[in-house]
Structures are given as C-alpha cells and as structure tokens.
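Coordinates in review
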Amino acid sequence: MPSSELPRIVTISTHIYNCVLWICPRRYRREYGALMAQAFRDLCSNAYGQNGARGLGRLWIRALLDVGATAAGEHMASLKAGRALQMAGAALLAVLVGGTALLVSRPPETNPFPATPQVEARGQQTPSLAPYDASSTHTLTTGERVQIIGNRWIEVEQKGAARFEVQTDGRFVSLRLGG
Amino acid sequence: MNHARAEFGDMLPLTPAVFQILLVLAGGERHGYAIMKEVEANTGGQMQLGPGTLYRSIKRMLADGLIEESDERPDPALDDERRRYYRLTALGRRVGTAEAERLAGLVRLAQAKRLLHGPAPIPSTGGV
C-alpha cells in the first residue's frame, strides 16, 4: 500500500514512533532509524488491517519494549566503545609522555651526537675528512683534531700518522685505529 | 562441533534472533520487514522480532561479516518505496551450518537421554 493511502492512525503512529526513536543513540538512529520506522509502519499497517485498533495497541506495547531494549543496549555499547576509546587514548598518551620523558632524561653520554653527525678536520686540515660518509677511512696525523659539529672535539693522540676508520650508525660516531 | 568452535571462535552459539535471520536469508535476499514476517511464520508466531531487535541483530551481523547489504529497491508486493535488502555471505552460510550442527548435536543428546523420543522431526519448508 503506498504511504499516501495509509490510514491516518498508521501515519500518526509512525510519526510518534519516530519521536520515540530519539531515545536511541544518535549514531544508531542515523544509521537505522529510518529503516526501523519503515518496518514499524509496515507492521502498523498489517496489524491495523488485521485487528484494527486493538491490534495496533498490542503492537505499540511490543514496540515500546523493543525500542527501550534497543536504546539501552546501544547506549551500553556506545559507553563501552567510548571507554575503550578513552583507554586507547590514555595508553597512547602514556606512550608519548613516557617516550618524551625518556628522551629528555637520557644522559648526553649515551647519545652525544646529533642525528646526522658531521665531522670536519680542524687545525691541520685533512680535506678528505670533511664531510665524511658512513664507514669511511681517513688518515690523520698526530695532534690533529677532529670536531664533531655541535658537540665536542676529539684529539688524535696516536704517535705519527695512522689510519682511522670513521664509522657511524647514523647516531653515533666512532674513530677506530685502522690497519 | 569442536572444529566449528575452533573455526568460528566466540560466534557460537548464535542468539535465536541471529540464527532465525540467517535461516531466512539462506532462502535468498530479503529486506527488513520481509525478514520479520518470515521469522514469525517460521516459528509459528512464537518469535516476533521488533524493528529494534531486528536492526540491532543486522548491525552485529554486518559487523561480523555474516550478511551484507545488496541494494535498495522497491518490493513490488508491498509498495513502490525503496527498501534495503540483505543477503548471506559465505561466512554467514558456514556459521549458520555450524550452528545448525551444534543444535542437531543437542537434539541427539536429548534423544540419548530420553528427553526427546524418536528422530528429530523435519520441519516443513512450506514447499511441495
């Protein structure tokens, strides 16, 4: 039966049912409210056609209980989902705060160099040393000083000329006596 | 049954509403009102799903991948209003089968315990 030909009492019942649906959570109502109202209108039309106002009254009792249970269940589900979301947010925040605190409190000896360290020679210039690549070999002479930019000086104490391997893993620099 | 439990985890046992909806959709795609009417007919009027119960179950079944939406189109038997249709997925069919086997196992157990006499009656499908 087209909705324009529905008995007036069915149309009014459907309008009231739409109002009752406001007790459901908004998200659920948006997704399923129109479908529930459509199904209720069909049920109304059927009940009224078969049993008149008495059938409609029985349907309304069932419908109110049904909507009440649905609203309660969906509100509980929303609360659970919200709590889970809150807990996930808190865990993420804890990780961020903890990680930041760990980085800030880290002693400079453990990570004294910038993330992309650069080395250049000072004093007796050794052109091949600046800038250096990861895992490269350079020849330094005694007394030559190497500056880790932004941090500290390292003085080569080896007597005479020697080969040093300059190595980095991207964060740490090491000078090692080579062959 | 243990195999089904291992495969479908905590999906089983299904709620009566979900199982009834699966049974209806095993016969082909339906819209919400048609599901309600068929569940009522299948259970001899013992189970009358309200719109809220129906769509809460549908929401959960969609989330679990047991059913899927097909399309929106009018039901020529009702009116010219567009309706959302649902159909069973392959997973939904397997879960429905596993639940039916679980229930059949319970019936066999009831027969063995003499709570139920004779073989389980085969319900009429209404067809010829």
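This report concerns the structure included in the present document. Computed from a prediction, not measured in an experiment: that's the story for all the values here.

With respect to the overall build of chain B
Helix and strand counts for chain B stand at five helices and three strands. The N-to-C order of helical and strand elements in chain B reads α-α-β-α-α-β-β-α. Of all 128 residues assigned to chain B, the portion counted as buried reaches 38%. In chain B, once contacts between residues fewer than 6 apart in sequence are set aside, the share between residues at least 24 apart is 52%. Only carbon and sulfur atoms are counted for the fraction: they give 55% of the accessible area of chain B, which is about 7500 Å².

A few points about the environment of Tyr 32 of chain A
Mapped onto the elements, Tyr 32 of chain A comes out in helix 2 (residues 26-105). Along the backbone, Tyr 32 of chain A and Leu 21 of chain A are eleven residues apart, and their C-alpha atoms lie at a distance of 9.9 Å. Beyond its immediate sequence surroundings of up to four residues, Tyr 32 of chain A is in contact with Tyr 55, Lys 59 and Leu 62 of chain B.

Some thoughts on the packing of helix 2 (residues 16-25) of chain B against helix 4 (residues 51-64) of chain B
All names here are of chain B. The interhelical angle for the contact between helix 2 and helix 4, taken along N-to-C directions, is 80 degrees, at an axis separation of 10 Å. Considering the angle they form, helix 2 stands roughly perpendicular to helix 4. Here helix 2 contributes Ala 17, Val 18, Ile 21 and Leu 22 to the contact with helix 4, which in turn contributes Thr 53, Leu 54, Ser 57, Arg 60 and Met 61. Partitioning the contact of helix 2 with helix 4 into residue classes produces six nonpolar, two polar and one charged.

Here we look at the pattern of salt bridges
Under the counting rule described, the total for this entry stands at 13 salt bridges over all chains. As a salt-bridge pair, Arg 41 of chain A and Glu 81 of chain B come within 2.7 Å of each other at their nearest N and O atoms. Residue Arg 41 of chain A is found in helix 2, and its partner Glu 81 of chain B is found in the loop between strand 2 (67-74) and strand 3 (82-88); the two belong to separate chains. The class of Glu 81 of chain B is partly exposed, set by a relative accessible area of 27%. Residue Arg 87 of chain B pairs with Glu 68 of chain B through a salt bridge whose shortest N-O separation is 2.9 Å. You can see Arg 87 of chain B sitting in strand 3 and its partner Glu 68 of chain B sitting in strand 2, a full 19 residues away along the chain. Since its relative accessible area comes to 36%, Arg 87 of chain B is described here as partly exposed. We classify Glu 68 of chain B as partly exposed; its relative accessible area is 32%.

The rules behind each value
- Along each chain, numbering runs from 1 in the same order as the chain's sequence is written.
- Think of it this way: whatever chain is written first is A, whatever ligand is written first is 1, and the rest follow in order.
- Residue-level local features of this predicted model are given only where pLDDT is at least 70; pairs of side-chain atoms are given and counted only at 80 or more, and the full residue set underlies all totals for whole chains, interfaces and linings.
- In computing side-chain values, all of the structure's heavy atoms are included and hydrogens and water are not.
- Secondary structure elements follow DSSP: runs of H or I of four or more residues count as helices, runs of E of two or more count as strands, with numbering from the N terminus.
- For the exposure calls, accessible area comes from a 1.4 Å probe over protein chains only, and a residue counts as buried if that area is under 20% of its type's maximum, exposed if over 50%, partly exposed in between.
- Whether two residues touch is decided by their heavy atoms; if any such pair falls within 4.5 Å, the residues are in contact.
- All accessibility values rest on the Shrake-Rupley procedure with a 1.4 Å probe; residue burial counts only the protein chains present in the view.
- Interaxial angles span 0 to 180 degrees and are taken between N-to-C directions of axes, which are lines fitted to C-alpha atoms, for helices over the stretch in contact.
- In these notes the angle categories are as follows: under 35 degrees is roughly parallel, over 145 is roughly antiparallel, 65 to 115 is roughly perpendicular, and the rest is oblique.
- Note on residue classes: Ala, Val, Leu, Ile, Met, Phe, Trp, Tyr, Cys and Pro are nonpolar, Asp, Glu, Lys and Arg are charged, and everything else, Gly too, is polar.
- What makes a salt bridge here is a side-chain nitrogen of Lys or Arg within 4 Å of a carboxyl oxygen of Asp or Glu, nothing more.

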